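# Observations on the model geometry
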Amino acid sequence: MTYTRRCVQMLYEDHQAVMALASEIDGLLGRTGRDGPDMGDDATHQLVSRAVEAIEHEVTDHFAFEEKSMFPLLREEGEDEICDHLDEDHRVILPLGKSAAAIARKGLQEGFDHDSWQKFVHDAGEFIERILAHAEKEDMAMLPLLEDILDAETDMQLAEEYASA
Ligand SMILES: [Fe+2]
Ligand SMILES: [Fe+2]
């Protein structure tokens, strides 16, 4: 999928990236026993570390950009209902992600035990399920609207702000 507006393309690519990472983490959850993975394994360590970074930076910044710069444009066009819905998703998804990231950060330093892994499985599992549905919703309902609403100049300006954030 390619969009004309840079902001829309960037959001779309973020969604693709988070979906790919979510499915890698989902794979790890699926193949790991109840007491957690061997954090001495390089690939596992890297994957968990990438997930923590993505939640604390990419996902956080992405949500903030949508809330600060995209939802107001949609609201100006009377799209309050979808914005309220997506905003509500953000309020649930980010805390789940942050909780999973905090557990994972500790896991990166000290390894997981049975309890911390089970808590991670729960929060990360729910985070993944919800963020996948959310990204899909935005791809279908929000991106086409933004592609219509954004004019070239606003698009360029907001895309530059987002890229340099
Ligand atoms: Fe969103
Ligand atoms: Fe998004």
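In this report, the structure presented in the accompanying data block is examined. (Residues numbered from 1 in each chain as written. Chains lettered and ligands numbered in written order. Predicted model: local features only at pLDDT ≥ 70, side-chain atom pairs only at ≥ 80, totals over all residues. Heavy atoms only, no water.)

So, on to the packing of aromatic side chains. Applying the stated rule across the entire model yields five aromatic pairs. On the numbers, 5.6 Å between centres and 65° between planes, the contact of Tyr3 with Tyr12 is edge-to-face. Taking relative accessible area as the criterion, Tyr12 reaches 14% and is therefore assigned buried. Aromatic pair Phe112 and Phe120: ring centres 5.7 Å apart, planes at 45°, arrangement tilted. Its relative accessible area of 5% is what places Phe120 among the buried residues. (Phe/Tyr/Trp six-rings, centres within 6.5 Å; stacked < 30°, edge-to-face > 60°. Buried < 20%, exposed > 50% of the residue type's maximum accessible area, 1.4 Å probe, protein only.)

As for its position among the elements, Lys68 is in helix α2 (residues 42-76). The sequence separation of Lys68 and Phe120 amounts to 52 residues, and the corresponding C-alpha distance is 30 Å. (Helix = DSSP H or I, 4+ residues; strand = E, 2+ residues; numbered from the N terminus.)

What follows deals with the nonpolar core. Residues Leu29, Phe120, Phe127 and Ile131 are the most contacted members of the largest nonpolar core, which totals 30 residues. When residues of this core are traced back to their parent elements, those giving at least two are α1 (6-31), α2, α3 (80-110) and α4 (114-149). With sequence-adjacent residues up to four places away left out, Ile131 is seen in contact with Val18, Val59, Phe63 and Ile93. By size, the runner-up hydrophobic cluster in this structure holds 20 residues, among which are Leu11, Leu73, Leu74 and Leu146. (Core = buried A, V, L, I, M, F, W, Y, C linked by side-chain atoms within 4.5 Å. Contact = heavy atoms within 4.5 Å.)

The protein atoms donating to the iron ion (ligand 1) are Glu66 (OE), His90 (NE2), His134 (NE2) and Glu138 (OE), with metal-donor distances spanning 2.1 Å. One can describe the site at the iron ion (ligand 1) as irregular: its four donor atoms subtend angles covering 83 to 179° at the metal. Donor residues binding the iron ion (ligand 1) come from one chain and are separated in sequence as E-x23-H-x43-H-x3-E. Between the iron ion (ligand 1) and the iron ion (ligand 2), a spacing of 3.3 Å is present, and a bridge between the two is formed by Glu66. With Glu66 in helix α2 and Glu138 in helix α4, this residue pair connects regions lying 72 residues apart in the sequence. Assigned by exposure class, Glu66 and Glu138 land together as buried. (Donors = N, O, S within 2.8 Å, 3.2 Å for Na, K, Ca; no water. Tetrahedral: all angles 85-135°; square planar, octahedral: opposite > 155°, others 65-115°.)

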